[in-house]
Amino acid sequence: MNDADVSKQIQQMVRFIRQEAEEKASEISVSAEEEFNIEKLQLVEAEKKKIRQEYERKEKQVEVRKKIEYSMQLNASRIKVLQAQDDLVNKMKEDAMKELLRVSDNHHEYKNLLKELIVQGLLRLKEPAVLLRCRKEDHHHVESVLHSAKHEYASKADVHQPEIHVDHDVYLPPAPSHHDAHGQFCSGGVVLASRDGKIVYESTLDARLEVVFRKKLPEIRKLLFGQSAA
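Fair warning: this is a prediction, and the values are worked out from it, not measured in the lab. (Residues numbered from 1 in each chain as written. Predicted model: local features only at pLDDT ≥ 70, side-chain atom pairs only at ≥ 80, totals over all residues. Heavy atoms only, no water.)

Undergrad: I'm lost on the overall build of the chain in this one. Help?
TA: Secondary structure summary: the chain contains four helices and four strands in total. Its helices and strands taken in sequence order, the chain reads α-α-β-α-β-β-β-α from the N to the C terminus. For the chain, whose C-alpha radius of gyration is 49 Å, the value lies well above the compact-globule estimate of 17 Å for 230 residues. Overall, the chain is about 165 × 35 × 35 Å in size when its C-alpha atoms are taken along their principal axes. Counting all 230 residues of the chain, 24% fall into the buried class. The contacts of the chain with a sequence gap of at least 6 include a subset with a gap of at least 24, amounting to 69%. With an accessible surface of roughly 17,100 Å², the chain has 54% of that area assigned to carbon and sulfur atoms. (Helix = DSSP H or I, 4+ residues; strand = E, 2+ residues; numbered from the N terminus. Rg over C-alpha atoms; globule rule 2.2 N^0.38 Å. Buried < 20%, exposed > 50% of the residue type's maximum accessible area, 1.4 Å probe, protein only. Contact = heavy atoms within 4.5 Å. Areas by Shrake-Rupley, 256 points an atom, 1.4 Å probe, with all protein chains shown as cover.)

Quick look at the structure:
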C-alpha cells in the first residue's frame with residue numbers, strides 16, 4: 001500500500017470519525033434542547049401554579065374583605081334604622097310629656113284627677129296615716145279634694161278615713177320652664193308614703209306615663225314599624 005492509499009484511508013477514517021462526532025454532537029444538542037424545554041416547561045408550569053395559587057389567595061382575601069365590608073355596612077344600616085326608630089319613639093314620648101303639662105291647665109278636670117290619684121294611692125298603701133307630697137302650685141287643689149278623696153277611699157276599702165298629712169316643707173319639683181329646661185321637674189300628680197317612709201307610692205303624671213309607655217312599648221313599636229319591631 002503506497003502513501004496515496006494510506007492517505008486516502010486516513011482521510012476516510014477522519015471523515016467517519018468527524019461524521020460520528022457530528023452525529024453525536026447533534027444527538028447531544030437535541031437531547032439538551034429537549035431537557036431544556038422540559039425543564040423550562042416545568043419551571044413555567046411551577047410559576048403558573050404559584051401565580052394561580054397567589055391569585056386564588058388574593059381572590060379569597062378580597063372575597064373575605066367584601067363580606068366583612070358588607071357585614072359592617074349592613075350592621076351600620078341596621079344601627080341607623082334602630083336609631084331612627086328610637087328617635088321616633090322618644091319623640092312620641094317627648095310629645096306625650098308636653099301634653100301632660102297641659103293637663104293642669106283645666107283646673108276643674110285636674111282637681112278631679114288629683115282626687116282619683118290620691119284615692120288610688122290610698123288603696124295601694126292601705127295605711128291609716130300617710131304623708132302626701134305635691135307641687136307647690138298644686139297645694140290648694142290638693143287641699144280642696146282631700147276630704148272627698150278620704151271619704152271615697154274609706155267607702156271603697158270599708159275602713160275609717162285615713163289621716164293624710166300634706167307636706168308643707170318639701171314639695172315635688174315644679175313644671176319645666178325655659179329658664180331651667182334640664183333641671184328636675186314634675187308635670188303634676190302626687191306622691192304618697194307611709195308615715196315611716198318605708199312604703200312610697202309615686203303617682204305623678206310623669207311616673208304614670210313612664211309606666212304606661214314601658215308597658216305599651218312593644219305595641220307602639222309594632223304599630224309604628226311592623227311585626228318585626230315588636
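Undergrad: What is the right way to read the pattern of salt bridges from this model?
TA: Two side chains that carry opposite charge are able to pair once their charged atoms sit near each other. In the structure shown here, the tally under the stated rule is 17 salt bridges. Among the salt bridges present, the one from Glu-152 reaches Lys-156, with a minimum N-O distance of 3.1 Å. Residue Glu-152 and its partner Lys-156 are located together in helix H3 (residues 139-157), separated by four residues, close to a single helical turn. Take Lys-156: its relative accessible area is 51%, and that puts it in the exposed class. Linked by salt bridges that have partners in common, Lys-115, Glu-116, Glu-152 and Lys-156 make up one network. (Salt bridge = Lys/Arg side-chain N within 4 Å of Asp/Glu carboxyl O.)

Undergrad: Whenever I open this one, the nonpolar core confuses me. Can you help?
TA: Here is a general trend for soluble globular proteins: nonpolar side chains tend to be buried in one another's company. Formed by 23 residues in total, the largest nonpolar core has its most connected members in Ile-118, Leu-122, Leu-132, Val-142, Leu-146, Ile-164 and Val-190. Elements with a minimum of two residues in this core: helix H2 (107-125), strand S1 (129-134), H3, strand S2 (163-166), strand S3 (189-194) and helix H4 (205-225). Looking at this core, the element that brings in the most residues is H2, giving seven residues. Setting aside anything within four residues of it in sequence, one finds Ile-118 in contact with Leu-132, Val-142, Val-145, Leu-146, Ala-149, Ile-164, Val-190 and Leu-192. (Core = buried A, V, L, I, M, F, W, Y, C linked by side-chain atoms within 4.5 Å.)

Undergrad: Sorry, what's going on with the side chain of Ser-187 here?
TA: With respect to the helices and strands, Ser-187 occurs in the loop between S2 and S3. Residue classification places Ser-187 among the buried residues on the basis of a relative accessible area of 0%. Non-local contacts of Ser-187, meaning those with residues more than four positions away in its chain, are made with Met-97, Leu-100, Leu-101, Arg-135, Leu-205 and Asp-206.

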